[in-house]
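Below, each chain spelled out in residue letters.
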Amino acid sequence: MPSPGCCRSVAALPGCPHRLASEVCPCLHVIEKNVDPETMLLPYLRKKLQLTGTKYGCGGGGCGACTVMISRYNPITKRIRHYPANACLLPICSLHGAAVTTVEGVGSTKARIHPVQERVAKCHGTQCGFCTPGMVMSIYTLLRNHPEPTLDQLTDALGGNLCRCTGYRPIIDACKTFCKTSGCCQSKENGVCCLDQGINELPEFEEGNKTSPKLFSEEEFLPLDPTQELIFPPELMIMAEKQPQRTRVFLTLKELLEAKENPQAPIVMGNTSVGPEVRFKGAFHPVIISLNECIEELSVVNHADDGLTLGAGLSLAQVKEILAEVIQKLPEEKTQTYHALLKHLGTLAGCQIRNMASLGGHIVSRHLDSDLNPLLAVGNCTLNLLSKEGERQIPLNEQFLTKCPSADLKPGEILVSVNIPYSRKWEFVSAFRQAQRQQNALAIVNSGMRVFFGEGGGIIRELSIAYGGVGPTTICAKNSCQKLIGRPWNEEMLDAACRLILDEVSLPGWAPGGKVEFKRTLLISFFFKFYLKVSQILKTMDPVRYPGLADKYESALEDLHSRNHWGTSKYQDVDPKQLPQDPIGRPIMHLSGIKHTTGEAIYCDDMPVLDGELFLAFVTSSRAHAEIVSIDLSEALSLPGVVDIVTEEDLRGVNSFCLLIEPEKLLETQEVSCVGQLVCAVVADSEVQAKQAAKKVKIVYQDLEPVILTIEEAIRHHSFFQGERKLEYGNVDEAFKVVDQILEGEIHMGGQEHFYMETQSMLAVPKGEDQEMDVYVSSQFPKYIQDIVAATLKVPANKIMCHVKRVGGAFGGKVTKTGIMAAITAFAANKHGRPVRCILERGEDMLITGGRHPYLGKYKAGFMNDGRILALDVEHYCNGGSTLDESLFVLETGVLKVDNAYKFPNLRCQGWACKTNLPSNTALRGFGFPQSGLITENCITEVAAKCGLSPEKVRMMNMYKEIDQTPYKQEIDATNLIQCWKECMAMSSYSLRKVAVEKFNSENYWKKKGLAMVPLKFPVGFGSTAACQAAALVHIYLDGSVLVTHGGIEMGQGVHTKMIQVASRELRMPMSNVHLRGTSTETVPNANVSGASLVADLNGLAVKDACQTLLKRLEPIISKNPKGTWKDWVRINSVSSRGYETHMNWETGEGHPFEYFVFGAACSEVEIDCLTGAHKNIRTDIVMDIGHSINPALDVGQIEGAFIQGMGLYTIEELKYSPQGVLYTRGPDQYKIPAVSDVPTELHVSFLPPSQNSNTLYSSKGLGEPGVFLGCSVFFAIHDAVRAARQERGLLGPLKLDSPLTPEKIRMACEDKFTKMIPRDEPGSYVPWNIPV
Ligand SMILES: Cc1cc2nc3c(=O)[nH]c(=O)nc-3n(C[C@H](O)[C@H](O)[C@H](O)COP(=O)(O)OP(=O)(O)OC[C@H]3O[C@@H](n4cnc5c(N)ncnc54)[C@H](O)[C@@H]3O)c2cc1C
Ligand code: FES
Ligand code: FES
């Protein structure tokens, strides 16, 4: 790692003092004299300038949490360019002369909030708020460039920003308020807007058209006034016009060439390739040359007779704009390559990366999955190079792409520009790509293809095909193309081409990246698409000679349905008799909404660095099962800044803690049982020092057998945690004897990463007396943190106070592992008497903390020919990982909820938690139900197929009806379940759309649609009375203001907002009079974990109770002075505790484990591309019975956010492990959560009118988790579409599809002549790159 210092960073101009001058925010003029070339803008903003609004989410450009706006003045064009950028990849030395606007600069509560901030907050576009500043910056920058953007521009601008909470719909809603034609899709098909016509040209659902109160009111929004925006700092403009003599800025190409004489120095343009290599792969560059946009030759745009020349320094976003303009002006036959490039530039990365990354950097990086290089290669592009020796041109061909020395850049040479020739008449170029997610995801395979026929003829004169993603670099199928020259463009040629390509572009079974058979299939599926596309154009050019395609096959060429998003939410307005100041039932904005959007909301790592603060970094195991032979700490300890390394030795006697059933060790230095296990922890003066030292700890392992990674291996080795769970109802064996048919099947379901946007964060601060310690932590369970820290420090709990202001997303992942890490951090703090901070990087977090349990479900169903299921025997196996954690409870919940919405008269469900050598899996939203429910629904889908009925018919037939009994003999009233189902049928126009889907499928061979509806019964409760309790503390101060504290954690669900609503109603005072500071063990002791959809229920009852107690005590005083104010009445406070009584007896299989049931139904429609496996969710309708909503805006947010998270779980989120148990997917670049492009084109959410009163909080229901399961409606809709494809191809047998239903699984299930053509590897003949666990 180079030591900090400017001399090495700007070696080009030796001898000059290095200065960085830039403007950050409206008023901060930064001159940095000693710029560390490796310092990125993000830590600089957060730690040096204390501007903590910009967040860290991944550090690799993949999440958008760190988005800022960069503005640069170009002295040549005299124009200012504003663009969004990822601060985590922006070296501060690249910012010389730039103005940086962060979220603080856009607006604040102290000055004036910006309309973007106001609207995102008021449209309920924030939950945990951690992604929000990044979202605001992306929208803000777009509006700076386009004050009235189109919806396409808006969704494009948000493509690089991830949100794990909201499901994006409310953010899109906020954005739409800036569009001219707000609310409309703006793509008028047949002159009719989407709002005027139903999907598939069906009449719109009846219920949805009825007006429902709005979740926000546009009338109150501040207007957007572009004249009010910050101006570009004039001093930077002057500086750009007249560069001071003694700054190290490359103004001319000559200066750059002099610098480039150093052969080791890479030119860093966007740093989107170099940056991640340095950060994640340990690449080392003693010298780097950082360029900004000033060099004229690198920004050139030349239109010549034979093509376009584009400067290598142009950003990909600029290239996109230029090409978009060019294709408007030139005839289509000349712009084939430009069209193809534009297609890929539309999906390549997010807007921020496209604005940072340069064309030259993209080309020279030669990434194996580069989207542009295959197209530039087939497009016969040439590269204009320059060195001190002079200019030369080289072709961008296969030799260049494979870095063949004779065809590569020489040391000292730079790429100045690229010539992209015009296409000719009878020449056609196409681009293809398939990724795990539609946008902002590297391609699994991509391709550029070009054919030239010469005048007329239809005979191939030239053919070029290049692929990305199938080798170490872009691969050209040169020999195949050569052999096809001279052949006519017909079916025989297609067949020969496919065989040649498969032969030439061969992928071994073990190829890195896995998905080998899918990739092989894509190679030829893409060529088939190209064949069809060219055939179709030939037909339009010469219909006589080229008969063209059958209509049915044309669908292969159309893009998946992609109209702009719109959605509706329908909820019941409050009773008109309700007092206007009573906020219960009203869509109140999240209490922290504005603070989220202004970046003022404080998260754990936003707390300022304390005096003497140290940083702790973990060293983790790199083996799945091994004895640790030795650990050598010497080198690490000798590094500057290293203070200590905490090992098991230090923790003697306190190295384990029992939260639930089995104690878990904090650190392990003897025998590790998974990759990512905590071995020791380095404590150093700074984060950089701690992390560098952690890499220098040398561990010698002796591998142990067996290494058990998969559920199947665990079953083979009988590797289970103690405590099988079994539930039995009726007599299953007897019932099997009387049924018409018996079906056996199984489904495997992959795990899921929490992907909370704020990684695990904690700060332990010793108080200096009486062994007291304050722990600030991002946790769902402060009491547990308090207990584990107290036990580790051997002090009573009353010495340790845990404080949680807010959590940037948790979803179950901030309970157990957080506690262990907090205990070690607190131990280090206590030992050294100094504050210690520990913030995990995204990759570490994903590696260490586990996630949702992968499941294997085996089932045997006995049913009658009419679809009635009389007996169901199910086995659940969950992959618990290396320690027990919460696995038994997850398993238990899965077993208890196996019936979902169905009355199976005879049911047996058994479950085992498998002990494997994976990081321990833990709680994740839904807690076993999303897995258990999928297994049951899959069984029903198969039963329906066997009976020749629609799955919906079989679902309805087997559903609970009215009053009944669950398998654990708890009474259930299913009236609202049936109601939700019926409403969802009606709202989604299910029957009409089913017919439309069938019609579509009969008319299209390569695209299929699918429709599916699933019901939901989600029992709410913890299974034990003790776990269903909560407490609250309400203070009324002498000035009449109220402070509410309760045991719940604000992690995005809006619980604090709801609690203030409760206090406001109960105390009959405005919400503005009530405050909530955060959660602490100091104010509410012994609070339960925040989770299981119960946080608002339980804490709300406690707040209500406390308020009522206070009112009761004050009644005599109030009655004496009824006209008085709160100030006159109060002198008192109250703590109150209230909860539910729940229990379960596993011996008898009976109990009342849940307090109540949430019912719902969801209907989804998808379209799939049978040739690539891509899918698009066209529309989802959700109906939920949520009782009396306390806050419909927050509740809609919970339902939608959970639904989108569930959709991700069942379709695209795929964890990949090596055969050695190493998690590959450790960041947003490899692990894909849904992005804005994945939101259903239409999303309608409706609440059932409240019909029953209950003893829950104001008869409301908890909603945090249930929506996740509804995401499986998308899984079954895809299932339906795949089945249609298979049926058309004559494949009528059973269809086994596992979850997640990724493009790979969809494509491979749509078997056809191409899947038959690919070579298959003998199982066992190779070691695959990854294994399903
Ligand atoms: C989050 C993320 C998502 C991405 N998604 C995609 C995607 O979907 N599809 C895709 O194709 N790519 C994707 N990429 C890759 C991206 O396209 C490249 O990283 C980018 O184009 C590199 O450009 P740069 O200017 O940032 O290169 P830099 O990192 O600045 O430089 C890269 C290399 O090029 C050299 N170089 C740069 N300019 C010159 C020059 N003028 N002369 C000689 N050498 C030069 C440098 O020395 C260095 O070795 C993604 C990257 C990130 C970080
Ligand atoms: S933190 Fe920069 S993109 Fe994720
Ligand atoms: S609100 Fe977007 S990540 Fe939480």
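Identification of the protein chain as aldehyde oxidase from Equus asinus is taken from an unreviewed UniProt entry. The UniProt entry for the protein chain carries this comment under Subunit (unreviewed entry): "Homodimer." As stated in UniProt under Sequence similarities (unreviewed entry), the record for the protein chain gives "Belongs to the xanthine dehydrogenase family."

Caption draft 1: Geometry of the overall build of the protein chain. The number of helices and strands found in the protein chain is 42 helices and 47 strands. In terms of overall size, the protein chain behaves like a compact globule, its C-alpha atoms giving a radius of gyration of 31 Å where 1333 residues would be expected to give roughly 34 Å. Referenced to the eigenvectors of the C-alpha coordinate spread, the extents of the protein chain come out at roughly 90 × 80 × 70 Å. For the protein chain, buried positions account for 65% of its 1333 residues. Across the protein chain, the fraction of contacts at a sequence separation of at least 24, relative to all contacts at a separation of at least 6, is 78%.

Caption draft 2: Examining the site of ligand 1 more closely. Close contacts around ligand 1 come from 33 residues, with Ile267, Met269, Thr272, Ser358 and Asp371 the closest. Between ligand 1 and the protein, one listed contact pairs an oxygen atom with a side-chain N or O atom of His362 at 2.9 Å. Going through the elements one at a time, β6 (267-268), α15 (359-365) and β12 (414-421) are the ones with two or more residues in the shell around ligand 1. Here the element with the most residues in the shell around ligand 1 is α15; it accounts for five residues.

Caption draft 3: Inspection of the UniProt feature "active site" (unreviewed entry) in the protein chain at higher detail. Mapped onto the present numbering, the UniProt feature "active site" (unreviewed entry) falls on Glu1265. Secondary-structure assignment places Glu1265 in the loop between β47 (1242-1247) and α39 (1267-1270). When its relative accessible area of 9% is taken as the criterion, Glu1265 is described as buried. The contact partners of Glu1265, leaving out residues within four places of it in the chain, are Arg925, Gly926, Phe927, Phe1018, Ala1092, Ser1093 and Ala1202.

Caption draft 4: Quick look at the packing of aromatic side chains. This model, assessed by the stated rule, comprises 30 aromatic pairs. One cation-aromatic arrangement involves Lys334 over Tyr422; the distance from NZ or CZ to the ring centre is 4.7 Å. Here Arg725 stacks its cationic end above the ring of Trp1146, 5.2 Å away from the centre of that ring.

Caption draft 5: View of the environment of Pro835. By the element assignment, Pro835 lies in the loop between α28 (816-832) and β31 (836-839). Owing to a relative accessible area of 10%, Pro835 belongs among the buried residues under this scheme. Sequence separation between Pro835 and Met1059 is 224 residues, and the spatial gap between their C-alpha atoms is 32 Å. Setting aside anything within four residues of it in sequence, one finds Pro835 in contact with Leu610, Asp611, Gly612, Glu613, Leu614, Leu763, Ala764, Val765 and Pro766.

Caption draft 6: Region of interest: a negative patch on the surface. On the surface, Glu769, Asp770, Glu772 and Glu1082 cluster together to form a negatively charged patch. Under the relative-accessibility criterion, Glu1082 is labelled exposed at 55%.

Caption draft 7: Structural context of the sheet that holds strand β34 (residues 906-915). The sheet built from five strands is open, its strands ordered β26-β34-β33-β32-β27 with mixed pairing. Strands at the two margins of the open sheet, each flanked by one partner only, are β26 (725-729) and β27 (741-749). Recorded for the sheet is a direction-independent mean angle of 10 degrees between the axes of neighbouring strands.

Caption draft 8: Fine view of the side chain of Asp845. With respect to the helices, strands and loops of the structure, Asp845 is situated in helix α29 (residues 842-848). Setting aside chain neighbours within four positions, we find Asp845 in contact with Glu753, Tyr756, Thr759, Gln760 and Leu840.

Caption draft 9: Layout of the sheet that holds strand β10 (residues 382-387). Ordered in space as β8-β9-β12-β10-β11, the five strands form an open sheet in which the pairing is antiparallel. Of all strands in the sheet, those bounded by a partner on one side alone are β8 (301-303) and β11 (390-395). Sheet twist, expressed as the mean angle between neighbouring strand axes with direction ignored, is 20 degrees. Sheet strands in contact with helix α12 (residues 316-329) are β8 and β9 (307-311), and its direction is about 160 degrees off that of β9.

Caption draft 10: Fine view of the pairing of strand β39 (residues 1042-1046). Burial of β39 is extensive: five of the five residues sit out of reach of the surface. Sheet analysis places strand β38 (residues 1029-1036) next to β39, joined by five bridges and oriented antiparallel. Within β39, the position partnered with Val1034 by the bridge is Val1044. In this sheet, strand β40 (residues 1074-1075) lies alongside β39 in parallel orientation, the contact comprising two bridges. Of the residues in β40, the one forming a bridge with Leu1043 is His1075. Between β39 and its parallel partner β40, the chain crosses via helix α35 (residues 1055-1067), and the hand of that crossover is right-handed.

Caption draft 11: Highlighting the UniProt feature "binding site: FAD" (unreviewed entry) in the protein chain. Under the UniProt annotation, the feature "binding site: FAD" (unreviewed entry) is placed at Ile267, Val268, Met269, Gly270, Asn271, Thr272, Ser273, Val274, Asp371, Leu415 and Arg433. Across 167 residues of sequence, these annotated residues are also dispersed in space, with a maximum C-alpha separation of 28.8 Å. Within the secondary structure, Ile267 sits in strand β6. When neighbours within four sequence positions are excluded, Ile267 is seen to be in contact with Leu256, Lys260, Ile289, Leu291 and Ile414. By the secondary structure assignment, Val274 is in helix α11 (residues 274-281). Ignoring anything within four residues of it in the chain, the contact list for Val274 reads Val268 and His285.

Caption draft 12: Geometry of helix α32 (residues 951-958). Three or more residues of α32 are buried, namely Pro951, Glu952, Val954, Arg955 and Asn958. Down the axis, α32 shows its buried residues gathered within 165 degrees of arc, on one side only. Of the surrounding elements, those touching the buried residues of α32 are β33 (869-881), α31 (929-947), α33 (975-987), α34 (990-1003), β37 (1007-1020) and α40 (1272-1288).

Caption draft 13: How the structure looks around unusual backbone geometry. A cis geometry characterises the amide bond from Glu705 onward to Pro706, with omega recorded as -10 degrees. Following the sequence through the fold, Pro706 ends up in the loop between β25 (698-703) and α25 (711-716). A cis amide bond links Ser1299 with the next residue in sequence, Pro1300, at an omega value of 0 degrees. Tracing the backbone shows Pro1300 in the loop between α40 and α41 (1303-1309). The residue Lys78 is not glycine, and still its phi comes out positive at about 60 degrees. Although it is not a glycine, Phe927 sits at a positive phi angle of roughly 50 degrees. Its location among the elements puts Phe927 in the loop between β34 and α31.

Rules used throughout
For every chain, the first residue of the written sequence is number 1, and numbering continues from 1 along that sequence. Chain letters and ligand numbers both follow the written order, the letters beginning at A and the numbers at 1. For a predicted model such as this one, the threshold for reporting local features is a pLDDT of at least 70, and the threshold for listing and counting side-chain atom pairs is 80 or more; totals across whole chains, interfaces and linings nevertheless cover every residue. Note that the side-chain values use all heavy atoms of the structure and ignore hydrogens as well as water. UniProt positions are given in the numbering used here, feature names are shortened, and annotations may be inferred rather than shown by experiment. A run of DSSP states H or I qualifies as a helix once it reaches four residues; a run of E qualifies as a strand once it reaches two. Both are numbered from the N-terminal end. Values of the radius of gyration come from C-alpha atoms, whereas the globule rule sets the reference at 2.2 Å times the count of residues to the power 0.38. Relative accessibility under 20% of the residue-type maximum defines a buried residue, over 50% an exposed one, and the middle range a partly exposed one, all with a 1.4 Å probe and only protein chains included. Any two residues whose heavy atoms approach within 4.5 Å at even a single point are treated as in contact. Consider each residue's heavy atoms; a residue with any of them within 4 Å of a molecule or strand counts as near. Here a polar contact is taken to be a pair of N or O atoms separated by no more than 3.5 Å, where protein atoms must pair a possible hydrogen donor with a possible acceptor and residues adjacent in sequence count only if both atoms sit in side chains. For Phe, Tyr and Trp, where Trp contributes only its six-membered ring, two rings pair if their centres lie within 6.5 Å, and the inter-plane angle classes them as stacked under 30 degrees, edge-to-face over 60, or tilted in between. Only lysine NZ and arginine CZ atoms are considered, and such an atom sits over a ring when it is within 6 Å of the ring centre and within 35 degrees of the ring normal. By definition, no residue in a patch forms a salt bridge, and every one has over 30% relative accessible area; like charges are joined within 9 Å, nonpolar side chains (Val, Leu, Ile, Met, Phe, Trp, Tyr) within 5 Å. Every accessible area reported is derived by Shrake-Rupley at a probe size of 1.4 Å, with residue values counting cover from the shown protein chains alone. By convention in these notes, a salt bridge is any Lys or Arg side-chain nitrogen within 4 Å of a carboxyl oxygen on Asp or Glu. Within this scheme the basic residues Lys and Arg register as positive and the acidic residues Asp and Glu register as negative, but His and the chain ends are omitted. Charged groups are reduced to one reference atom each: NZ for lysine, CZ for arginine, CG for aspartic acid, CD for glutamic acid. Strands are treated as partners if at least two bridges between them are detected by DSSP. Every axis in this analysis is a line fitted to C-alpha atoms, fitted for helices over the stretch in contact. Angles between the N-to-C directions lie between 0 and 180 degrees. The path from the first strand over the helix to the second decides the hand: if it runs clockwise while the strands point away from the viewer, the crossover is right-handed. Summarising the geometry, the arc corresponds to the directions from the helix axis toward the C-beta atoms.

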